[in-house]
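The lines below spell out each chain.
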Amino acid sequence: MEKIGQNKRKKTIEYLKKHLQDLTDKAGSSGLLKGRERVARLAKENEGLKQEINDMKKQLTELELANGTTQVTLPAPGEKLPHYPNPPSVKAPVSGLGVEPPAATAVIISEGTEDAKKSKKKDKKKGKKEPSPAPDEAAAGDAKINVSRLNMKIGRILSAKHHPSADTLYVEEVDIGEEATRTVASGLVGHIPLDQMQNRLGVFLVNLKPAKMRGILSEAMIMCSEEPGKIEIIDPPAGCVPGDRVVCEEYPGEPDQQLNPKRKVWERVQPDLRTNSECVATYKGAPFTVVGKGVCKVPTMANAHIK
């Protein structure tokens with residue numbers, strides 16, 4: 001009887017051990033499954049966050065481009081930065097209505113290579129002088145800097161559409177009285193409805209240096225009054241046609257054929273462009289005028305900056 005009792009106890013112990021092992025295996029399998037599910041969920045959330053970051057980067061890039069900020073491509077991982085004998089200096093762009101500044105931002109490598117430096121030192125030893133600017137160029141740079149240097153013309157927007165790769169820009173085809181139309185990129189999305197851009201007259205600055213806006217060459221700039229959160233297009237007087245010149249009669253003179261970016265004419269004139277208390281566009285109080293037809297105005301924005 002005692003032997004039978006021992007066998008029974010032994011079988012009972014083996015059964016309990018086996019049952020405990022089964023429970024342990026099930027618990028481990030369930031924990032592994034939950035762990036895998038958690039990893040998969042975290043991976044999915046990570047992909048979603050990456051997409052949000054990329055979308056925000058894209059929006060930031062578009063806003064910077066619309067404001068005239070130059071984009072610089074960073075080197076790929078492991079790629080070495082280009083080496084310059086001297087650090088490059090960058091000319092900062094001027095913000096505007098979605099159009100790049102008059103001067104395309106340029107990277108200038110001062111002094112050049114080591115060979116150029118040596119050659120320059122030799123020239124100095126030989127008594128060679130640095131070439132001075134041509135008289136006419138110097139005169140152009142030191143001459144009067146005022147609104148007469150700007151070539152502003154009446155233009156008609158024949159068509160306007162959204163920029164294919166920049167959410168804040170319109171692309172317009174504009175007749176300014178020349179044989180061919182000009183393409184203009186303007187950062188007016190969100191301020192002027194697209195239907196109000198069609199077949200309308202405006203004042204355009206046409207002697208800026210053309211600049212590419214996200215792959216599209218912009219050949220002029222539409223003049224607008226601007227304050228934080230609000231923009232209005234400057235309207236010409238009745239009876240104007242494409243090609244009519246806009247002047248400030250108190251400042252006579254012929255405009256530059258193309259504004260020299262180095263002279264910064266636009267940057268020096270622009271701060272004095274404003275609308276007056278009657279919403280008339282002015283330069284230092286002198287109204288934008290189409291001779292014989294009247295003055296240029298905005299609908300509602302008095303004492304506002306013009307850009």
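If you're wondering where the values come from, they're calculated on a predicted model, not measured in any experiment.

What counts and what doesn't
Residues numbered from 1 in each chain as written. Predicted model: local features only at pLDDT ≥ 70, side-chain atom pairs only at ≥ 80, totals over all residues. Heavy atoms only, no water. Helix = DSSP H or I, 4+ residues; strand = E, 2+ residues; numbered from the N terminus. Buried < 20%, exposed > 50% of the residue type's maximum accessible area, 1.4 Å probe, protein only. Contact = heavy atoms within 4.5 Å. Areas by Shrake-Rupley, 256 points an atom, 1.4 Å probe, with all protein chains shown as cover. Pairing = 2+ DSSP bridges. Polar contact = N/O pair within 3.5 Å; in protein donor to acceptor, adjacent residues only side chain to side chain. pLDDT = per-residue confidence, 0-100. Core = buried A, V, L, I, M, F, W, Y, C linked by side-chain atoms within 4.5 Å. Phe/Tyr/Trp six-rings, centres within 6.5 Å; stacked < 30°, edge-to-face > 60°.

## Concerning the overall build of the protein
Step number 1: When its secondary structure is counted, the protein shows four helices and 18 strands.
Step number 2: Out of the 307 residues in the protein, the part that is buried amounts to 31%.
Step number 3: Taking the contacts inside the protein whose residues are at least 6 apart along the sequence as the reference set, 67% of them involve residues at least 24 apart.
Step number 4: As displayed, the protein offers around 19,600 Å² of accessible surface, 55% of which is attributable to carbon and sulfur atoms.

## Concerning the pairing of strand S5 (residues 182-186)
Step number 1: The buried fraction of S5 is high, at five of five residues.
Step number 2: Residue alternation in S5 divides its side chains into two sets, Arg182, Val184 and Ser186 and Thr183 and Ala185, and both sets are buried.
Step number 3: Pairing analysis gives five bridges linking strand S4 (residues 170-175) to S5, with the strands arranged antiparallel. Bridge pairing in S5 places Tyr170 opposite Ser186.
Step number 4: Hairpin remark: S4 followed by S5, antiparallel, with six residues in the connecting loop; positive phi at Gly177, about 85 degrees.

## Some points on the side chain of Ser218
Step number 1: Mapping Ser218 onto the fold places it in strand S8 (residues 216-218).
Step number 2: Classification of Ser218 by relative accessible area gives buried; the value is 3%.
Step number 3: There is a polar contact of 3.3 Å between the side chain of Ser218 and the backbone oxygen of Ala220.

## Regarding the confidence of the model for the protein
Step number 1: Per-residue pLDDT for the protein averages 79, and the proportion of residues at 70 or more is 68%.
Step number 2: In this model residues 87-113 is a low-confidence stretch, pLDDT under 50, and it forms 67 contacts with partners more than four residues away in sequence or in other chains.

## Topic: unusual backbone geometry
Step number 1: In this structure, Cys279 takes a positive phi of about 70 degrees despite not being glycine.
Step number 2: Along the chain, Cys279 falls in the loop between strand S13 (273-275) and strand S14 (281-283).
Step number 3: A relative accessible area of 10% places Cys279 in the buried class.
Step number 4: The phi dihedral of Lys284 is positive, around 50 degrees, even though this residue is not glycine.
Step number 5: Relative to the elements of secondary structure, Lys284 occurs in the loop between S14 and strand S15 (286-287).
Step number 6: We classify Lys284 as exposed; its relative accessible area is 52%.

## Brief notes about the nonpolar core
As a rule of thumb, nonpolar side chains are buried together in soluble globular proteins.
Step number 1: With 31 residues, the main nonpolar core has Leu150, Met152, Met223, Ile234, Trp266, Leu273 and Phe288 as its most contacted residues.
Step number 2: Looking at this core, the elements that each hand over two or more residues are strand S3 (152-162), strand S6 (201-205), helix H4 (265-269) and S14.
Step number 3: Ignoring anything within four residues of it in the chain, the contact list for Ile234 reads Gly202, Val203, Met223, Cys224, Ser225, Ala281, Phe288, Cys296, Lys297, Val298 and Ile306.
Step number 4: Counting residues in hydrophobic clusters, the runner-up holds 16 residues, among them Val184, Val206, Ile222 and Cys224.

## Overview of the packing of aromatic side chains
Step number 1: Under the definition given, this model contains one aromatic pair.
Step number 2: Judged by centre distance (5.0 Å) and plane angle (75 degrees), the ring pair of Tyr251 and Tyr283 falls under edge-to-face. With Tyr251 in the loop between strand S12 (245-246) and H4 and Tyr283 in strand S14, this residue pair connects regions lying 32 residues apart in the sequence.
Step number 3: Exposure remark for Tyr251: the relative accessible area of 24% places this residue in the partly exposed category.

## Things to note about the environment of Lys307
Step number 1: Tracing the chain through its elements places Lys307 in the segment after strand S18 (305-306).
Step number 2: Sequence separation between Lys307 and Ser225 is 82 residues; the distance between their C-alpha atoms is 6.3 Å.

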